[in-house]
Amino acid sequence: MLGLKCCFMQSTLIGMSTLSPPAGRPPRNDATLKHTDLLGGFDYLYADYTKQTFPRHSHEEYLVGVIEDGVHDVWCRGEWWHASKNVIATLSPEETHHGGLGDADAWQQTIFYLPHEVVREAMDDPNSSYSFHQPFKHSPEIAGKLINLRSLLESNTERLLLEQEVLQTVGSVFETLSDAKVTENTSCLLYTSPSPRD
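One numbering rule holds for all chains: residues counted from 1, following each sequence as written. Where totals are concerned, whole chains, interfaces and linings use all residues; where local detail is concerned, this predicted model gives features only for residues with pLDDT of at least 70, and gives and counts side-chain atom pairs only at 80 or more. The basis for every side-chain value is the complete set of non-hydrogen atoms in the structure, without hydrogens or water.

J.: Can you lay out the confidence of the model for the protein chain for me, pointing to particular residues and giving the numbers?
T.: Summary statistics for the protein chain give a mean pLDDT of 80 and a share of 77% for residues scoring 70 or more. Within the protein chain, strand 11 (residues 188-192) has the poorest average pLDDT of any element, 34, and helix 2 (residues 140-153) the best, 97. A score between 0 and 100, pLDDT records how confident the predictor is in each residue. Only heavy atoms enter the contact rule, under which two residues are in contact if any of them lie within 4.5 Å. Contacts of residues 1-22 to residues separated by more than four positions or lying in other chains number 30 contacts, the stretch itself having pLDDT below 50. Note that pLDDT drops below 50 for residues 182-198; the model gives that stretch 22 contacts with residues more than four away or on any other chain. We count a stretch as a helix when DSSP gives it H or I for four or more residues in a row; a strand needs E for two or more, and each element gets its number in order from the N terminus.

What follows is the structure, given as structure tokens:
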């Protein structure tokens, strides 16, 4: 386990200061990793990459992210995934992956690194672990929720409202994209883990 939040592998041109920059968007790799203590705490990242690559690594937490623009190519589960705008990344803890720029000039992404405890609270199930059928899925609706959540976390929104938004957004992601089973019960939906019953 490498447990990397982000790895920066940048090439530098030495002794070539007389070269003029290429036409178009200048190369940049801007990433901001932040921490919130809401619901026991978790990290989140906003990044704008043009020349970024990530070596093979995994995370201790669930990784839930959204490609906001551009294209990010990621190797995961033995194949390459081409993640473009509004694609949601969902990786389980310890799931190995690596990647970099796809066929666009850049990509922007928001990623949340969610501990089991935050996910279990959002799913109202203190004993479950979840996995995902696909590590990447196009979903403009969830993309909007994740981008909104990052914006709210960076605002001066009241703590209770932020906690509610985190729980609703994380719950929505896991209800929609994880292996959580949904069982209808006369007046409500119950979410249960896929583990065998006693």
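J.: How would you sum up the pattern of salt bridges? Please name residues and give values.
T.: Within this document, salt bridges are pairs made up of a side-chain nitrogen of Lys or Arg and a carboxyl oxygen of Asp or Glu, the two lying within 4 Å of each other. Tallied over the entire structure, the rule returns 7 salt bridges. For R77, the salt bridge goes to E95, with nearest N and O atoms at 2.5 Å. With a gap of 18 residues between them, R77 in the loop between strand 4 (62-76) and strand 5 (79-84) and E95 in the loop between strand 6 (87-91) and strand 7 (97-101) connect regions that are remote in the sequence. Partly exposed describes any residue whose relative accessible area lies between the buried limit of under 20% and the exposed limit of over 50%, with all areas from a 1.4 Å probe on protein chains only and scaled to the type maximum. The exposure class assigned to R77 is partly exposed, which follows from its relative accessible area of 38%.

J.: Which residues make up the packing of helix 2 against helix 3 (residues 159-177), and what are the values?
T.: To get an axis, a line is fitted to the C-alpha atoms, and for a helix only the part in contact is used. The angle between two axes follows their N-to-C directions and goes from 0 to 180 degrees. Here helix 2 crosses helix 3 at 155 degrees, and the two axes come no closer than 10 Å. Considering the angle they form, helix 2 stands roughly antiparallel to helix 3. Like other packed secondary-structure pairs, helix 2 and helix 3 cross with a definite hand, here left-handed. From helix 2, I142, K145, L146, N148, L149, L152 and L153 reach across to helix 3, where they touch L162, E165, V166, T169, S172, V173, T176 and L177. Amino acid classes used here: Ala, Val, Leu, Ile, Met, Phe, Trp, Tyr, Cys and Pro are nonpolar; Asp, Glu, Lys and Arg are charged; the rest, including Gly, are polar. Residue composition of the contact of helix 2 with helix 3, grouped by class: 9 nonpolar, 4 polar and 2 charged. Roughly parallel refers to an angle under 35 degrees, roughly antiparallel to one over 145, roughly perpendicular to one between 65 and 115, and oblique to any angle outside these ranges. By convention the crossing between two helices is left-handed if the near helix lies anticlockwise of the far one by an angle smaller than a right angle, and right-handed if it lies clockwise.

J.: Kindly report on helix 2, identifying the contributing residues and their values.
T.: Counting along an α-helix, one turn takes 3.6 residues, and residues three or four places apart therefore face a common direction. For helix 2, which comprises 14 residues, the first-to-last C-alpha distance of 20 Å matches the rise-based estimate of 20 Å (1.5 Å per residue) to within 8%. Every buried residue of helix 2 is listed here: I142, A143, L146, L149, R150 and L153. Along the long axis of helix 2, the arc covered by the buried residues comes to 125 degrees, so they all point the same way. In this structure, the buried side of helix 2 is in contact with strand 1 (29-36), strand 2 (42-49), strand 4, strand 6, strand 8 (107-114) and helix 3. Residue count minus one, scaled by 1.5 Å, sets the expected span of a helix. Comment: arc refers to directions from the helix axis out to C-beta atoms.

J.: Run through the pairing of strand 7, naming residues and quoting values.
T.: Note on pairing: two strands pair once DSSP finds at least 2 bridges between them. Summarising the sheet, strand 3 (residues 53-57) and strand 7 pair through 3 bridges and their orientation is antiparallel. Following the sheet pairing, H57 is matched in strand 7 by H97.

J.: Kindly report on the environment of Q109, identifying the contributing residues and their values.
T.: Checked against the element boundaries, Q109 lands in strand 8. For Q109, a relative accessible area of 4% corresponds to the buried category. On a C-alpha basis, the gap between Q109 and Y49 in space is 8.5 Å, while along the polypeptide they are 60 residues apart. The residues contacting Q109, other than those within four sequence positions of it, are L45, Y46, A47, Y49, F54, V66, I67, E68 and H72. As used in this structure description, the phrase polar contact means that two N or O atoms lie within 3.5 Å; if the pair is within protein, one of them must be able to donate a hydrogen and the other to accept it, and residues adjacent in sequence are counted only when both atoms belong to side chains. A polar atom in the side chain of Q109 sits 3.0 Å from the side chain of W107.

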